[in-house]
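Geometric and topological summary
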Amino acid sequence: MPLEAQVYPTMPSRPCRFCLSLREGSVFADFDVDEEGRVFLCRISFDGHGCCDGEFKKMSFEDSQLLLEAVDREAVDSAEVEATLRTYFGQNSDVIWSDALADHELV
């Protein structure tokens, strides 16, 4: 099942550099970027599970650039971005709730 990713407006109550809506709005992933240009999750919220935050790993520089360029173009619903996000969520499965990842088919 595709992620159906969309760039979503950021909210003052959830500070981040950019937000992605996944699965027709049932998942919201808030991302930030460090001083080296590497993307990382600030928090991720799931319908039916709540908001998960913690010490998330950072994406590789290459994956970060791919995602940032896609966000800038608002072209995040692509196979490359989906593969990047699925890999990243899997790399953070020790922090992100495994039942939420499975229920929303993110890995």
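Look above for the structure.
Reference entry: report on the structure contained in this document. Since we're looking at a predicted model, the values are computed, not measured.

Before going further, it helps to examine the overall build of the protein. A tally of helices and strands in the protein yields three helices and five strands. The N-to-C order of helical and strand elements in the protein reads β-β-β-β-β-α-α-α. Relative to its length of 107 residues, the protein is compact, with a C-alpha radius of gyration of 12 Å against a globular reference of 13 Å. In terms of overall dimensions, the protein has a C-alpha envelope of 30 × 25 × 25 Å along the principal axes. Taken over 107 residues, the protein has a buried fraction of 45%. Restricting to contacts in the protein with at least 6 residues of sequence separation, those with at least 24 account for 46%. Carbon and sulfur atoms make up 47% of the accessible area of the protein, which totals about 5,700 Å². If the 9 positive side-chain charges of the protein are averaged to one point and the 22 negative ones to another, these points end up 3 Å apart.

The next thing to look at is the packing of helix 1 (residues 61–73) against helix 2 (residues 79–91). Contact pair helix 1 / helix 2: the axes reach a minimum separation of 10 Å and the direction vectors enclose 130 degrees. Considered as vectors, helix 1 and helix 2 are oriented oblique to each other. Regarding helix 1 and helix 2, the two cross each other, and that crossing is left-handed. For the pair formed by helix 1 and helix 2, the contact residues are Asp63, Leu66, Leu67 and Ala70 on the first element and Glu80, Val81, Thr84 and Leu85 on the second.

Tallied over the full model, the rule gives five salt bridges. Between lysine 57 and aspartate 94 there is a salt bridge, with its nearest N and O atoms 3.0 Å apart. Within this pair, whereas lysine 57 is found in the loop between strand 5 (50–53) and helix 1, its partner aspartate 94 is found in the loop between helix 2 and helix 3 (98–103), the two being separated by 37 residues in sequence. Here aspartate 94 falls in the exposed class, since its relative accessible area comes to 58%.

Below, the discussion takes up the nonpolar core. One finds Phe31, Ile44, Leu85 and Phe89 to be the most contacted residues of the largest nonpolar core, which totals 29 residues. For this core, the secondary-structure elements that each account for two or more residues are strand 2 (18–22), strand 3 (27–33), strand 4 (39–46), helix 1, helix 2 and helix 3. Every residue in contact with phenylalanine 31, bar those within four places of it in the chain, is listed here: Cys16, Arg17, Phe18, Leu20, Val39, Phe40, Leu41, Cys42, Met59, Leu85, Tyr88 and Phe89.

Conventions used here
Positions within a chain are numbered from 1, following the residues in the order the chain's sequence is written. Residues qualify for local features only when their pLDDT is at least 70, as the model is predicted, and side-chain atom pairs are given and counted only at 80 or more; totals for whole chains, interfaces and linings, by contrast, use all residues. Processing note: side-chain calculations cover all non-hydrogen atoms of the structure and skip hydrogens and water entirely. A run of H or I in DSSP becomes a helix once it reaches four residues, and a run of E becomes a strand once it reaches two; helices and strands are each numbered from the N terminus. Our radius of gyration looks at C-alpha atoms and nothing else; its globule reference is 2.2 Å times the residue count to the power 0.38. The buried label goes to any residue with under 20% of its type's maximum accessible area, the exposed label to any with over 50%, and the partly exposed label to all in between, with areas taken from a 1.4 Å probe on protein chains only. Whether two residues are in contact is decided by their heavy atoms: any pair within 4.5 Å suffices. Accessibility throughout is a Shrake-Rupley quantity obtained with a 1.4 Å probe, and a residue counts as covered only by protein chains that appear here. When charges are counted, Lys and Arg contribute as positive and Asp and Glu as negative, whereas His and the chain ends are disregarded. Taken as the charge location is NZ of Lys, CZ of Arg, CG of Asp or CD of Glu. Throughout, an axis means a line fitted to C-alpha atoms (over the contacting stretch in the case of helices), and angles, computed between N-to-C directions, take values from 0 to 180 degrees. Angles below 35 degrees are treated as roughly parallel, those above 145 as roughly antiparallel, those between 65 and 115 as roughly perpendicular, and all remaining angles as oblique. Helix crossings get a hand from a simple test, with the near helix turned counterclockwise from the far one by less than a right angle marking a left-handed crossing and a clockwise turn marking a right-handed one. Within this document, salt bridges are pairs made up of a side-chain nitrogen of Lys or Arg and a carboxyl oxygen of Asp or Glu, the two lying within 4 Å of each other. Definition used in this section: a nonpolar core is a set of buried Ala, Val, Leu, Ile, Met, Phe, Trp, Tyr and Cys residues joined via side-chain atoms within 4.5 Å.

None of this, on its own, says anything about what the molecule does.
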